[in-house]
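Each chain, letter by letter, is given below.
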Amino acid sequence: MEQTEFKIESRKDQIFRVAKISPIDILAISTQIDFENFKMTKTLMQFCIENVEVKMGEKWLPVKMKDKEIYQPKDIVNDFVALNEIFIYMMENVVTAVFPKSSESIEKIQ
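Here the structure is a predicted model, which means the values were calculated and not measured. (Residues numbered from 1 in each chain as written. Predicted model: local features only at pLDDT ≥ 70, side-chain atom pairs only at ≥ 80, totals over all residues. Heavy atoms only, no water.)

Novice: Requested: an account of the sheet that holds strand S1 (residues 5-8), with residues and values cited.
Specialist: Strand order in the open sheet formed by four strands is S1-S2-S3-S4, with antiparallel pairing between adjacent strands. Each edge of the sheet is formed by a strand with only one pairing partner; in this case those strands are S1 and strand S4 (59-62). Adjacent strand axes in the sheet meet at a mean angle of 40 degrees, parallel and antiparallel pairs treated alike. Pairing geometry for strand S3 (residues 52-56) and S4, over four bridges, is antiparallel. When the bridges of S4 are listed, Val54 appears paired with Leu61. The sheet strands contacting helix H3 (residues 80-95) are S1, strand S2 (11-18) and S3, and the helix crosses S2 at an angle near 40 degrees. (Pairing = 2+ DSSP bridges. Helix = DSSP H or I, 4+ residues; strand = E, 2+ residues; numbered from the N terminus. Axes fitted to C-alpha atoms, helices over the stretch in contact; angles between N-to-C directions. Contact = heavy atoms within 4.5 Å.)

Novice: Tell me what's going on with the packing of helix H2 (residues 38-50) against H3, and back it up with residues and numbers.
Specialist: Where H2 contacts H3, the two axes come as close as 9 Å, and the packing angle between them is 90 degrees. The orientation of H2 relative to H3 falls into the category roughly perpendicular. Note on element contacts: H3 touches H2 through Leu83, Ile86, Phe87, Met90, Met91 and Val95, opposite Leu44, Met45, Phe47, Cys48 and Ile49. When grouped by side-chain class, the residues that make up the contact of H2 with H3 number eleven nonpolar, no polar and no charged. (Parallel < 35°, antiparallel > 145°, perpendicular 65-115°, else oblique. Nonpolar A, V, L, I, M, F, W, Y, C, P; charged D, E, K, R; others polar.)

Novice: Now, about the side chain of Arg17: what can you tell me, with residues and values included?
Specialist: Locating Arg17 in the fold gives a position in strand S2. For Arg17, a relative accessible area of 17% puts it in the buried group. At 2.6 Å, the side chain of Arg17 and the side chain of Glu53 are in polar contact. (Buried < 20%, exposed > 50% of the residue type's maximum accessible area, 1.4 Å probe, protein only. Polar contact = N/O pair within 3.5 Å; in protein donor to acceptor, adjacent residues only side chain to side chain.)

Novice: Describe H2, naming the residues involved and giving the relevant values.
Specialist: Here H2 is 13 residues long and its end C-alpha atoms lie 18 Å apart, about the 18 Å a rise of 1.5 Å per residue gives. Inspection of H2 places Thr41, Leu44, Phe47, Cys48, Ile49 and Glu50 among the buried residues, and these make up the whole buried set. Residues of H2 that are buried in the fold lie against helix H1 (23-29), S3 and H3. Capping the start of H2 is the job of one residue whose side-chain oxygen sits 3.1 Å from the backbone nitrogen of Lys39: Asn37. (Expected span 1.5 Å × (residues − 1).)

Encoded structure:
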């Protein structure tokens, strides 16, 4: 997966990008889409936030460290609008992007 940079409306001064993610992890997380199930939704949201990096100076840092409550930039932890924008970006451009490509592959096999 290409590491495309993106910006979000609520933090126009910051640059984000999708971290390198294993294709197996993307396929696995796509099975966790069930917004009526709190645990599955939380797992999906955590995956999305933990797999985005923010440019801080010359370094790329994870927006949220895996399995820890450490966020970059630090004030984003309370910025629900920004976290939601990141989640939506990941859903639209990474997680659900698997489905059209999967169906195209299946059609070619048949």
